[in-house]
Amino acid sequence: MSPEERAGVLALIKAGHIEQARELCAALGGPLDLYGANLQGANLQGANLAGAYLSVANLTGAYLAWADLAGANLTRADLTGADLSGADLIGAVLSGANLTGANLTGANLTGANVRDAIGVDP
């Protein structure tokens, strides 16, 4: 994905057009790739981010309540203070992620990898 295409995907995400971003990534031959993206404070409530690549992304203070993050790769992502209440994190990879102060009330972490995650009780 070129820097211009990546910027377009991020603009769609920030505007709440998750499905269009997913379709653009698919047209470019890959999954929803948001590696290292700055989505600080983004409103992603109920977003379909299943299987998305969010490794090293800045999701500090992001609103991800009821989001579908099943199978998403959030390795070393910063989720400090993020609202993940009711989120589907089944099979998500959160190894090394920072979840300090994150709201995980009602989140489904079945099969999630939280090895070395910060702010999560083992």
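What counts, and where the lines are drawn
- Residues numbered from 1 in each chain as written.
- Predicted model: local features only at pLDDT ≥ 70, side-chain atom pairs only at ≥ 80, totals over all residues.
- Heavy atoms only, no water.
- Phe/Tyr/Trp six-rings, centres within 6.5 Å; stacked < 30°, edge-to-face > 60°.
- Helix = DSSP H or I, 4+ residues; strand = E, 2+ residues; numbered from the N terminus.
- Buried < 20%, exposed > 50% of the residue type's maximum accessible area, 1.4 Å probe, protein only.
- Core = buried A, V, L, I, M, F, W, Y, C linked by side-chain atoms within 4.5 Å.
- Contact = heavy atoms within 4.5 Å.
- Patch = residues over 30% accessible without salt bridge, like charges linked within 9 Å, V, L, I, M, F, W, Y side chains within 5 Å.
- Areas by Shrake-Rupley, 256 points an atom, 1.4 Å probe, with all protein chains shown as cover.
- Salt bridge = Lys/Arg side-chain N within 4 Å of Asp/Glu carboxyl O.

Caption draft 1: Region of interest: the packing of aromatic side chains. Evaluated as defined, the whole model comprises 1 aromatic pair. Measuring from centroid to centroid gives 5.8 Å for Tyr 35 and Tyr 53, while their planes differ by 15°, and the two rings are stacked. Placement of the pair is Tyr 35 in the segment after helix 2 (18–27) and Tyr 53 in the segment after helix 2, with a sequence separation of 18 residues. Judged by its relative accessible area of 39%, Tyr 35 is partly exposed.

Caption draft 2: Representation of the nonpolar core within the structure. Within the largest apolar cluster, 38 residues are counted, with the highest numbers of intra-cluster contacts made by Ile 13, Leu 32, Leu 34, Leu 39, Leu 44, Leu 49 and Leu 79. Every element with two or more residues in this core is listed here: helix 1 (3–14) and helix 2. Every residue in contact with Leu 32, bar those within four places of it in the chain, is listed here: Val 9, Ile 13, Ala 21, Arg 22, Cys 25, Leu 49, Ala 52 and Tyr 53.

Caption draft 3: Examining the environment of Ala 70 more closely. Mapped onto the elements, Ala 70 comes out in the segment after helix 2. Setting aside its immediate chain neighbours within four residues, Ala 70 contacts Ala 50, Gly 51, Asp 88, Leu 89 and Ile 90.

Caption draft 4: Structural context of a nonpolar patch on the surface. Together, Tyr 35, Tyr 53 and Val 56 make up a nonpolar patch on the protein surface, roughly 240 Å² of accessible area in all. Looking at the secondary structure, you find Val 56 in the segment after helix 2. Overall, Val 56 belongs to the partly exposed group, its relative accessible area being 30%.

Caption draft 5: Layout of the side chain of Thr 75. For Thr 75, the position within the fold is in the segment after helix 2. Ignoring anything within four residues of it in the chain, the contact list for Thr 75 reads Ser 55, Val 56, Val 93 and Ser 95.

Caption draft 6: How the structure looks around the side chain of Asp 83. In this fold, Asp 83 is placed in the segment after helix 2. You can call Asp 83 buried: its relative accessible area is 19%. Setting aside chain neighbours within four positions, we find Asp 83 in contact with Ala 62, Tyr 63, Leu 64, Ala 65 and Asn 103.

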